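# Analysis of the macromolecular model
One letter stands for each residue in the lines below.
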Protein chains: 4
Amino acid sequence: MKTKIEQLDKVISSKWQEILSRPQVMNFTSSLMGEDQRAFALYMTQVYHYAYHNARNQALVAVNLANKDVQYMKFCLKHALEETGHELMALHDLRSIGVPINDPEKDMPPVLTATELLIAYLYWVSSHGNPVQRLGYSYWSEKSYDYIKDYVKLFSKNMGLKKTQLTFYFNHSNIDERHAKEVEDIIKKVFKTEDDWKQGAKVAITTLELTSQIFFSVIGEYEKLAKGLPSEFEILNCLNNNK
Amino acid sequence: MKTKIEQLDKVISSKWQEILSRPQVMNFTSSLMGEDQRAFALYMTQVYHYAYHNARNQALVAVNLANKDVQYMKFCLKHALEETGHELMALHDLRSIGVPINDPEKDMPPVLTATELLIAYLYWVSSHGNPVQRLGYSYWSEKSYDYIKDYVKLFSKNMGLKKTQLTFYFNHSNIDERHAKEVEDIIKKVFKTEDDWKQGAKVAITTLELTSQIFFSVIGEYEKLAKGLPSEFEILNCLNNNK
Amino acid sequence: MKTKIEQLDKVISSKWQEILSRPQVMNFTSSLMGEDQRAFALYMTQVYHYAYHNARNQALVAVNLANKDVQYMKFCLKHALEETGHELMALHDLRSIGVPINDPEKDMPPVLTATELLIAYLYWVSSHGNPVQRLGYSYWSEKSYDYIKDYVKLFSKNMGLKKTQLTFYFNHSNIDERHAKEVEDIIKKVFKTEDDWKQGAKVAITTLELTSQIFFSVIGEYEKLAKGLPSEFEILNCLNNNK
Amino acid sequence: MKTKIEQLDKVISSKWQEILSRPQVMNFTSSLMGEDQRAFALYMTQVYHYAYHNARNQALVAVNLANKDVQYMKFCLKHALEETGHELMALHDLRSIGVPINDPEKDMPPVLTATELLIAYLYWVSSHGNPVQRLGYSYWSEKSYDYIKDYVKLFSKNMGLKKTQLTFYFNHSNIDERHAKEVEDIIKKVFKTEDDWKQGAKVAITTLELTSQIFFSVIGEYEKLAKGLPSEFEILNCLNNNK
């Protein structure tokens, strides 16, 4: 019989399979856009936006008076601390490939609706409902490298990206090995009721879906750029090798 | 000419002198209540209440989107992390002298209005106005030992309190030496404008006054107990040696 | 040349057409589920959940200190006032067709993820970003009757629903005629910059999409019920005429 | 035997007597400052500040998910609606006696600490703890005219203020007669437990004390102005007839 944590792994794994089997993923991988740094840069602008909020909504779980578990409060603050300022890695990566973002408050392209939905949802689950549920998000995201590393390898090769231009990815894949263990440990301690596991799984699946929607929205925006349509991301056209 | 930080020290020092010269302080010190553990226990119940919120409102400064300084966000989260659960020291101290608090949610005597004002004000300054202003509170509170240590020594002797019954005090006096240095460092970095120094000083003076009001309210409540009047703190009468 | 408000109408109208042309709509309309009161009841449980929050997040726009326009604050409070308690109409409609919900806190089936995303997003746009943007939601929702009335007529006939069992719908269609005018008036007053119109349109489109997702999620849940699969909505099986 | 509401009246009445018997009240009334429009104007600047927040924190009680009473939610929104923009009356009164406040965001003198404490406390009690407790504030404040009208009459005569320069006062004394009745009605409906009455009384007494502290702080600031000391309220010196 499966343990609760194995059941959670299974649910997340199935969701990943379902997402990775969508035709857009194949299309992206095998097409020219998979070689165009603009697609990568577009995604990084959105990473900048959600990373800006992740440490904050993670800390909000500790502020939330419904969270009365001292050990879990400490987990939330420690992880918030470690993720503070990670948007600066996304900014670094954008700059390092040549995107001329001087002041991010002025020059950073806007947040896409898909990204804003992830942000809004994370603040909501951090301040309302079961206070342990946000761990569902931490759980899959700290363990996502197994699912995405082959893709990242492929894209970075195709796009000609060096490791020093992928600091957001590589720093997280390092940190997150330890984090994944810590998240698993705290889940085993604070998930006590059926509702804890249920809400945790719900948040995992929902945020994984929302994150995939960011990727698919980025593809949509990329296609506008590629066709030369008006776009709020035109600053990225400096990366277009075929221009 | 005084530096800005020396001016802040001066303002705080004057406020301390003014508080310590109030007649209630002398009365308390030289009277029987200075020998009655109930007075100490009453104060500890209020320490429990504000300590319960301090880590949370400290973390709230990092959540606050007006706070855009990554280094300051990290300071806030680190200090919130280190202060999480400190209400449990106050609870330990109450239990160790014999106050029968089994479940603090049910058995802990209520928050006094003076204490609630400090709590309400700290949440307010952590989420509104100048985001660096809460440092004024951290600054004086981490440096308060010079002002109170002689009093604590006197009371603990008069009340027959052992060091193991004063964990809240002794743990903080240890931690806070390092904290005081860190607070001074971050103040020097993030207080840039005249308004930063002004709002920081305002929060320092206001929270020092509010904290002194907790002490004076505790004296008022103690007097009710001592006279045998009805009180929400009667659970502390088990400490009365003269009963 | 189109006025700004006509442009907004156009954007919303196109979005409606796109939603109504999705195959699920046709499938639903022409299938047995379009005759099964459980499909209607399932939707009403979700109306209950989002209506519970709508007045609150509408009022939140007035609380938001970024909203400095007294007239707009009054609009927000007036509309929040008029929408307070509207979840009770959804509850009434559920009870009137025979769903045995005694205490909604215990008996009401849970919020679906699609519904929670709408709720989370509305709190987010009410408390962050451009304070006028939530008007995009009010604008399309108060004017939605032209798009949905034929469908409601069809379903209510097919499902055998009386007007007294559709109080949420009929009360709103009455109130909303006046509301629609008020929303248009306030939009014309407070939308001043390009950003106001852009953010308002973004919130309109996003919330219309999220609302349609509630409908599509309801269909998915209905199919589980219809197949006799385990479901958190089994309380609605009392409505099944074919059982 | 006294009813609960009579007991609340008694508690409030005693607090008023105690405040009005403080020596500062007599000193103010019988001294030159009681004839100096600067003292009135100083108070009005603080009325501006707290009135700016009152409608907002009143509305926050309806947003608060701990408030589940539809009738009480409606009361909160209706009263918030009626109090929205009342800071503009204080602004009008300041301008009408000649204080050159063009843009209040720039020209309005700052909030005093006493005023900020009232504001912070009202947000706190509106969003935490027993959701009905804020009614204690509404209850005494809507009924305050019996206590202060003789003073207002005296000061307005001594200071040479016309009725059209006291719009904040006269508009409220008109509105508040009806409001006082509505507050009493809702209290009788929603105060059900001992804790409701206790927390309501606590908030009444605390906010009455905090409001009196605004008055006493204003006197302190006035004295600085009168002595020609540096002050953040020097804009009011244009009202000094003895200059």
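Residue numbering note: each chain is counted from 1, following its sequence as written. Chains and ligands are labelled by the order in which they are written, letters from A for the one and numbers from 1 for the other. In keeping with the model being predicted, local features are shown solely for residues with a pLDDT of at least 70 and side-chain atom pairs are shown and tallied solely at 80 or more, while totals for entire chains, interfaces and linings include all residues. Hydrogens are left out, water is left out, and the side-chain values use all remaining heavy atoms of the structure.

In terms of regular secondary structure, chain A is built from eleven helices and zero strands. Counting from the N terminus, the helices are the DSSP runs of H or I reaching at least four residues and the strands are the DSSP runs of E reaching at least two. The secondary structure elements of chain A, listed N-terminal to C-terminal, are α-α-α-α-α-α-α-α-α-α-α. The globule rule used for comparison is 2.2 Å times the number of residues to the exponent 0.38, while the radius of gyration itself is calculated over C-alpha atoms. Its C-alpha atoms give chain A a radius of gyration of 18 Å, within 12% of the compact-globule value 18 Å for 243 residues. With respect to the three principal axes, the spread of C-alpha positions in chain A is 55 × 40 × 30 Å.

This paragraph deals with the packing of helix α1 (residues 4-20) of chain D against helix α11 (residues 194-226) of chain D. Residues and elements named next belong to chain D. Each axis is a line fitted through C-alpha atoms, taken for helices only over the stretch in contact, and angles between the N-to-C directions span 0 to 180 degrees. The contact between α1 and α11 brings their axes to 10 Å, and the two run at 20 degrees. Here α11 runs roughly parallel to α1, going by the angle between their axes. Relative to α11, the crossing made by α1 is right-handed. Facing Lys-4, Ile-5, Leu-8, Val-11, Ile-12, Lys-15, Trp-16, Glu-18 and Ile-19 of α1, the residues of α11 in contact are Glu-194, Trp-197, Ala-201, Ala-204, Ile-205, Leu-208, Glu-209, Ser-212 and Phe-216. Residue polarity is assigned by list, with Asp, Glu, Lys and Arg as charged and Ala, Val, Leu, Ile, Met, Phe, Trp, Tyr, Cys and Pro as nonpolar; anything else, Gly included, falls into the polar class. Grouping the constituent residues of the contact of α1 with α11 by class yields twelve nonpolar, one polar and five charged. The cut-offs work like this: below 35 degrees is roughly parallel, past 145 is roughly antiparallel, 65 to 115 is roughly perpendicular, and the gaps in between are oblique. For any pair of crossing helices, the crossing counts as left-handed if the nearer helix is rotated counterclockwise from the farther one by less than a right angle, and right-handed if it is rotated clockwise. Should any heavy atoms of two residues lie within 4.5 Å, those residues are counted as being in contact.

Tallying the contact residues gives 24 residues for chain A and 24 residues for chain B. By definition here, a salt bridge exists when the distance from a side-chain nitrogen of Lys or Arg to a carboxyl oxygen of Asp or Glu is within 4 Å. Where chain A meets chain B, there are two salt bridges. For the purposes of these results, a polar contact is taken to be a pair of N or O atoms within 3.5 Å, where, inside protein, one atom must be able to donate a hydrogen and its partner to accept one; residues adjacent in sequence count only when each atom of the pair is a side-chain atom. The interface formed by chain A and chain B holds eight residue pairs in polar contact (both at pLDDT 80 or more) in total. Those elements giving two or more residues to the side of chain A that touches chain B turn out to be α3 (37-63), α4 (70-83) and α5 (87-96) of chain A.

Right, let's get into the relation of the copies chain A and chain B. Each copy superposes on the other: chain A lies on chain B with an RMSD of 0.0 Å after a rotation of 180 degrees and an axial shift of 0.0 Å. Between the two chains, the operation in question is that of a two-fold axis. Here 100% of the interface residues in chain A have copies in chain B that are interface residues too; the copies meet face to matching face. Each copy is superposed on the other by least squares, with the fit set by C-alpha atoms of residues at a pLDDT of at least 70 in both.

What follows deals with helix α7 (residues 113-127) of chain B. The first and last C-alpha atoms of α7(B) sit 21 Å apart over 15 residues, in line with the 21 Å expected at 1.5 Å per residue. The first or second residue beyond α7(B) is Gly129(B), which carries a positive phi of 75 degrees. Multiplying one less than the number of residues by 1.5 Å gives the expected span of a helix.

This brings us to the environment of Leu94(D). Residue and element names in this part refer to chain D. Along the chain, Leu-94 turns up in helix α5 (residues 87-96). With 51 residues separating them along the chain, Leu-94 and Tyr-43 place their C-alpha atoms 9.9 Å apart. Non-local contacts of Leu-94, meaning those with residues more than four positions away in its chain, are made with Ala-41, Met-44, Thr-45, Val-99, Ile-101 and Met-108.

As a further point, take the environment of Asn27(B). Residues and elements named next belong to chain B. As for its placement among the helices and strands, Asn-27 is situated in helix α2 (residues 23-30). Given a relative accessible area of 45%, Asn-27 falls into the partly exposed group. Residues Asn-27 and Ile-219, spaced 192 residues apart in sequence, show a C-alpha to C-alpha distance of 10.0 Å. For the exposure calls, accessible area comes from a 1.4 Å probe over protein chains only, and a residue counts as buried if that area is under 20% of its type's maximum, exposed if over 50%, partly exposed in between.

In this section: helix α8 (residues 135-142) of chain B. Of all eight residues that make up α8(B), eight are buried, and the element is covered over most of its length. Considered for burial, the residues of α8(B) that qualify are Leu135(B), Gly136(B), Tyr137(B), Ser138(B), Tyr139(B), Trp140(B), Ser141(B) and Glu142(B).

Residues and elements named next belong to chain B. Ring pairs are drawn from Phe, Tyr and Trp, using the six-membered ring of Trp, whenever the two centres fall within 6.5 Å, and their geometry is named by plane angle: stacked under 30 degrees, edge-to-face over 60, tilted for the rest. For the coordinates displayed, the defined rule picks out 56 aromatic pairs over all chains. Note on Trp-16 and Tyr-147: the rings are 4.9 Å apart at their centroids and 10 degrees apart in plane angle, and the pair reads as stacked. Taken as a pair, Trp-16 in helix α1 (residues 4-20) and Tyr-147 in helix α9 (residues 145-159) lie far apart in primary sequence, 131 residues in all. Judged by its relative accessible area of 7%, Trp-16 falls in the buried class.

Within the structure shown, the criterion is met by 80 salt bridges over all chains. Across the salt bridge formed by Glu184(B) and Lys143(B), the nearest N and O atoms sit 3.6 Å from each other. Of the two residues, Glu184(B) sits in helix α10 (residues 167-190) while Lys143(B) sits in the loop between α8 and α9, which places them 41 residues apart along the sequence. Each of Asp9(A), Lys143(A), Glu184(A) and Lys188(A) takes part in a single network of salt bridges with overlapping partners.

Residues and elements named next belong to chain B. The topology assignment puts Thr-211 in helix α11 (residues 194-226). Overall, the relative accessible area of 12% leaves Thr-211 in the buried class. Apart from the residues within four sequence positions on either side, Thr-211 is in contact with Tyr-43, Leu-118 and Trp-140.

A separate point is the nonpolar core. Grouped together as the largest cluster of nonpolar side chains are 312 residues, with contacts concentrated most on Leu135(A), Leu135(B), Leu135(C) and Leu135(D). If near-sequence neighbours (up to four positions away) are discounted, Leu135(B) is found in contact with Tyr72(B), Phe75(B), Val183(B), Ile186(B), Ile187(B), Val190(B) and Phe191(B). Here the nonpolar core consists of buried residues drawn from Ala, Val, Leu, Ile, Met, Phe, Trp, Tyr and Cys, with membership extended through side-chain atoms lying within 4.5 Å.

Turning to the packing of α8(B) against α11(B), a few remarks are in order. All names here are of chain B. Between α8 and α11, the shortest axis-to-axis distance is 7 Å and the interhelical angle comes to 55 degrees. Classified by the angle between their axes, α8 and α11 sit oblique to one another. Helix-helix and strand crossings are classified by hand; for α8 and α11 the assignment is right-handed. Together, Gly-136, Tyr-137 and Trp-140 of α8 and Gly-200, Val-203, Ala-204, Thr-207, Leu-208 and Thr-211 of α11 make up the contact between the two elements. Along the lines of polarity and charge, the residues of the contact of α8 with α11 split into five nonpolar, four polar and no charged.

Among the secondary structure elements, Glu116(B) is positioned in helix α7. Owing to a relative accessible area of 8%, Glu116(B) belongs among the buried residues under this scheme. Among all residues touching Glu116(B), those that are not within four sequence positions of it are Val111(B), Tyr121(D), Trp124(D) and Lys202(D).

Here the focus is the confidence of the model for chain A. Residues and elements named next belong to chain A. The predictor rates its confidence in each residue with pLDDT, a number between 0 and 100. For chain A, per-residue confidence averages 94 on the pLDDT scale, and residues scoring 70 or more make up 98% of the total. Taken element by element, the predicted model of chain A shows its lowest mean pLDDT in helix α2 (residues 23-30) (88) and its highest in helix α7 (residues 113-127) (98). Taken together, the chains of this predicted complex give a pTM of 0.96 and an interface ipTM of 0.95.

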